[in-house]
Amino acid sequence: MRTRKRVISILLTIVLLTGAFISANIFGASADAQFGKSATEFIRQINIGWNLGNSLDVSASWGGETGWGNPVVTEAVFTSVKNKGFNAVRIPVTWYGSFSQTSPYTVNASYMARVKQVVDWAMSKDLFVILNTHHEGDWLYVDYANAQEEDTTNAKFAALWTQIANTFKNYSEKLIFEGMNETRAGENWTGNSQYYQSINRLNQTFVDAVRETGGNNAKRYLVVPTYAALGTKAVVDGTVIPDDPQKHVIMSIHPYHPGEFCASASSVSVYNDTALNELRTFCVNLKSAFISKGVPVIFGEMGAVFKNNNDERVKWAQHYIDLTSDFGIRCFYWDNGILDSTGDDFGLMNRTTYSWDMHNTLTTALINAANAGKAKTVNDDVTTDYSDMPLSWRLDDQTYAYCWGLTYGYGDLNGNGVALQYFSSDSSDNLIVDTGTAGGNMIQQQFWADQSMHAQFSYAKFISENAGNLSSAGKKLRFTFRSNFDEGEWTYADGNQVLLKGRIIIPGVGSFDFGADAGQEGCIMATADNPVQVVEIPLPADKTFGAATAYSGISAEFLFIAGSWGQNRPIKAMVSPIEIVSVDEPLPEETTTTTTTTTTTTTTTTAPPEETEAPTTTTTTTAPPVPSSNMIYDADSAALPSVSLSGALSLVDQKSPSGKALKVLRTSEYNNIGLTFNGDFSEQAQNSTGLKVW
């Protein structure tokens, strides 16, 4: 009998210890001890999360927990998740159909108990747990008929979250509340300013309702979404961070990128890592708008549909997690339990056997990349450790991939599409274009500040360091352009020059063309003899540099031209970062030994969209002297009878004045004239000394 009592005593002790462990995981220590970390520090304890999709987020009207084909959720699900290596789960819950739609909007007690049971199982495994409202579109939307409808929706939303929060008010910091999922207006996945404002109000309603319940909820970490959980520029711009005295708010976005690869509606099954540049742009914008302000970001949903392409999905997962971890963003993979390749197969775990066998390689890749990413040191400061230059040309991360670019002409570069592949940047943030052995005629590329974190942050530093002196009066733009920048690398016999023209755009100040478009004699030309050219553009006296925002900075468009058109020659050149300096500042010393002269022209430039009047500026550039005429165009005698002329005009419309420079006197009603002057048809051209480009 004593032995039996002893056995019972031991078993009771084990049960009590186990219960204490579970209780500690669920309830934790004191609120001050649990919630002492900043929101950023807190969320970065997570490596990667897993979504319990298509289970509790199925409303009663759709068949409830098993309505979309998944089995009843058991504790073994979370045991498997924990053992696999995830340390967080997101539990989507649809409350519609389980709470009254009239005041006081009471939640069904048995349904609340079921949700609590599932949450307790997850918490007992020492997992971070996100609990939310999901698929509530029948009542939680933003396209209201009137103000009263919006007020009613917010009241209902507050009542629901008050009940949820009270149920879990004493749970530890590892329980995180997420106000909404992808709330929007119907199937409107773009939104507008009115809808964004409605989401902002709902987010504030959620935060206020939870905080008012007290207990651990007074400091609980809370997740709020943007409109439809989108990360586009317009949506991010329209999102207001909720007011929270605890500063424990976290933003949630759902980027399934690249869309065609990840989505079930597309047949694209091969992963192209350059497509993730859109995701990088999202991350840059999110860092500027939220992360840099102490509001961390999670990707509450992300994933890629299985298309018999697990090897490709592994590549995608590695790149995706590695990229997002650079920004301290934590990801939650969307697992909807579908494993049958029916077109919406996001599943990872078999929820009947609790195994990961079918997609084990993908799951392992996600976790390994997340663990490596968690170990990274993340710099959240947007104003330090960047170049002092107003525009940094850093291209190591190819952030300009969504800027327009083109290569064209007669050579190898013609028709190959993406010009950015020929650009790089060095440790001094110089922009380098190098086509290698590929020859051609021209490369044109835009570099817009809203596509580059470096451009935005370096401009922000310039604005910060010049606060109180942001007038453009007495200032000029300056940058250096050079060819043959690495002596001895030119491999072709002649034509070592590279020509440049383009446009610089400064927020609040204007748009400034240089080169031929600025009315000069020709492009800026750097040659083997005079490889260094300095471009200087005086700025107007009546403008003010625009404020530094999440998307602002100096932008540019450059057109690089090989020495001679149609000669299939490589292009190799360098452009320095753009400086804003005093008009009195002398040229850099390295340019004083060149044999260039200064040509001054007056240029009317095009203002950016926010300006109502285009400024007129004087553009000073360094260019070689204009030679005397070396090529005689004599059209008086119509000496070129076999040359075709567009627009059905006769050759008499072309006149060469006494200086032998060709002029077009009349174009009739046509928009342009295309005319080729071939030396073999003109005695004057044959007898002249040849053509020089300037």
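Cut-off values and rules
- Residues numbered from 1 in each chain as written.
- Predicted model: local features only at pLDDT ≥ 70, side-chain atom pairs only at ≥ 80, totals over all residues.
- Heavy atoms only, no water.
- Helix = DSSP H or I, 4+ residues; strand = E, 2+ residues; numbered from the N terminus.
- Buried < 20%, exposed > 50% of the residue type's maximum accessible area, 1.4 Å probe, protein only.
- Areas by Shrake-Rupley, 256 points an atom, 1.4 Å probe, with all protein chains shown as cover.
- Pairing = 2+ DSSP bridges.
- Axes fitted to C-alpha atoms, helices over the stretch in contact; angles between N-to-C directions.
- Contact = heavy atoms within 4.5 Å.
- Arc of directions from axis to C-beta.
- Phe/Tyr/Trp six-rings, centres within 6.5 Å; stacked < 30°, edge-to-face > 60°.
- Lys NZ or Arg CZ within 6 Å of the ring centre and 35° of its normal.
- Expected span 1.5 Å × (residues − 1).
- Lys, Arg positive; Asp, Glu negative; His and termini not counted.
- Salt bridge = Lys/Arg side-chain N within 4 Å of Asp/Glu carboxyl O.
- Polar contact = N/O pair within 3.5 Å; in protein donor to acceptor, adjacent residues only side chain to side chain.
- pLDDT = per-residue confidence, 0-100.

Focus: the overall build of the protein chain
Looking only at helices and strands, the protein chain has 14 helices and 24 strands in total. Counting only residues that meet the buried cut, the protein chain has 54% of its 694 residues in that class. By element, 50% of the accessible surface of the protein chain is carried by carbon and sulfur atoms, the whole surface being about 29,400 Å².

Looking at the sheet that holds strand S6 (residues 249–253)
In spatial order, the strands read S1-S2-S3-S4-S5-S6-S7-S8; together these eight strands close into a barrel with parallel pairing. Strand after strand, the sheet turns through a mean of 25° between neighbouring axes, direction not considered. Where strand S7 (residues 297–302) meets strand S8 (residues 330–333), three bridges bridge the pair, whose relative direction is parallel. Residue pairing across strands places Phe 299 opposite Cys 331, the latter belonging to S8.

Considerations on the environment of Tyr 196
As for its placement among the helices and strands, Tyr 196 is situated in helix H7 (residues 193–212). Those residues in contact with Tyr 196, other than ones at most four positions away along the chain, are Thr 190, Gly 191, Tyr 227, Ala 234, Val 235 and Gly 238.

Structural notes on helix H4 (residues 75–84)
Each α-helix winds once per 3.6 residues, and so residues spaced three or four apart point in a common direction. Three or more residues of H4 are buried, namely Val 77, Phe 78, Ser 80 and Val 81. Relative to the axis of H4, the buried residues are bounded by an arc of 160° and lie together on one face. Summarising the contacts, the buried residues of H4 are in contact with strand S1 (49–51), strand S2 (88–91) and helix H5 (109–124). Gly 85 sits one or two residues past H4 and shows a positive phi near 125°.

Focus: the packing of aromatic side chains
Counted according to the given criterion, the structure contains 29 aromatic pairs. With centroids separated by 5.7 Å and ring planes inclined at 85°, the aromatic side chains of Trp 95 and Tyr 111 adopt a geometry described as edge-to-face. Taken as a pair, Trp 95 in the loop between S2 and H5 and Tyr 111 in helix H5 lie far apart in primary sequence, 16 residues in all. Here Tyr 195 and Tyr 227 contribute two aromatic rings whose centre-to-centre distance is 6.1 Å and whose plane-to-plane angle is 10°, an arrangement assigned as stacked. With Tyr 195 in helix H7 and Tyr 227 in the loop between strand S5 (222–225) and helix H8 (233–237), this pair connects stretches of sequence that are 32 residues apart. Residue Tyr 227 is classed as buried on the basis of its relative accessible area of 1%. Pairwise contacts between aromatic rings join Phe 423, Phe 447, Phe 479, Phe 481, Phe 514, Phe 558 and Phe 560 into one cluster. The ring of Phe 128 is capped by Lys 174, whose NZ or CZ atom sits 4.7 Å from the centre of that ring. Above the face of the Phe 177 ring, Arg 220 is positioned so that its terminal group lies 5.1 Å from the ring centre.

Let's talk about H5
Taking 1.5 Å per residue, 16 residues should reach 22 Å; H5 reaches 22 Å between its end C-alpha atoms and fits that length. Buried within H5 are the following residues: Tyr 111, Met 112, Arg 114, Val 115, Val 118, Val 119, Asp 120, Trp 121, Ala 122, Met 123 and Ser 124.

Quick look at the side chain of Lys 307
With respect to the element layout, Lys 307 can be found in the loop between S7 and helix H11 (310–325). It turns out Lys 307 is buried and unbridged, and the closest side chain with the opposite charge, Glu 260, is 8.3 Å from it. Polar side-chain contacts of Lys 307 include one of 2.9 Å to the backbone oxygen of Ser 266. Those residues in contact with Lys 307 that lie beyond four places of it in its chain are Glu 260, Phe 261, Ala 263, Ser 266, Ser 267, Val 268 and Ser 269.

Focus on the confidence of the model for the protein chain
Put simply, the protein chain has an average pLDDT of 76, and 69% of its residues get 70 or more. Taken together, the stretch residues 382–387 has pLDDT below 50 and engages in 16 contacts with residues farther than four places along the chain or on a different chain. This stretch, residues 517–521, has a pLDDT under 50; its non-local contacts, to residues over four places away or in other chains, come to twelve contacts.

Structural notes on the pattern of salt bridges
What the rule picks out here adds up to 21 salt bridges. One salt bridge connects Asp 151 with Arg 201, and the closest N-O pair in it is separated by 2.9 Å. One end of the pair, Asp 151, is in helix H6 (residues 147–167); the other, Arg 201, is in helix H7, with 50 residues separating them in the sequence. On the basis of relative accessible area, Arg 201 is assigned to the partly exposed category, the value being 34%. The residue Glu 579 makes a salt bridge to Arg 478 at a minimum N-O spacing of 3.8 Å. Remark: Arg 478 occurs in strand S13 (residues 475–483) and Glu 579 occurs in strand S20 (residues 579–582); sequence separation between them is 101 residues.

Describing the environment of Asn 54
Among the structural elements, Asn 54 can be located in the loop between S1 and H4. As for Asn 54 and Gly 67, which are separated by 13 residues in sequence, their C-alpha atoms are 8.4 Å apart. In this structure Asn 54 touches Glu 65, Trp 68, Asn 70, Trp 334, Asn 336 and Ile 338, once residues within four positions along its chain are discounted.

Thoughts on the pairing of strand S12 (residues 442–447)
Moving residue by residue along a regular strand, the side chains alternate between the two faces of the sheet. Burial within S12 is extensive, with six of its six residues counted as buried. Neither face of S12 is exposed, since Met 442, Gln 444 and Gln 446 on one face and Ile 443, Gln 445 and Phe 447 on the opposite face are all buried. Direction of pairing for S12 relative to strand S18 (residues 555–562): antiparallel, over a ladder of six bridges. Looking at the pairing, Phe 447 lines up with Ala 556 of S18.

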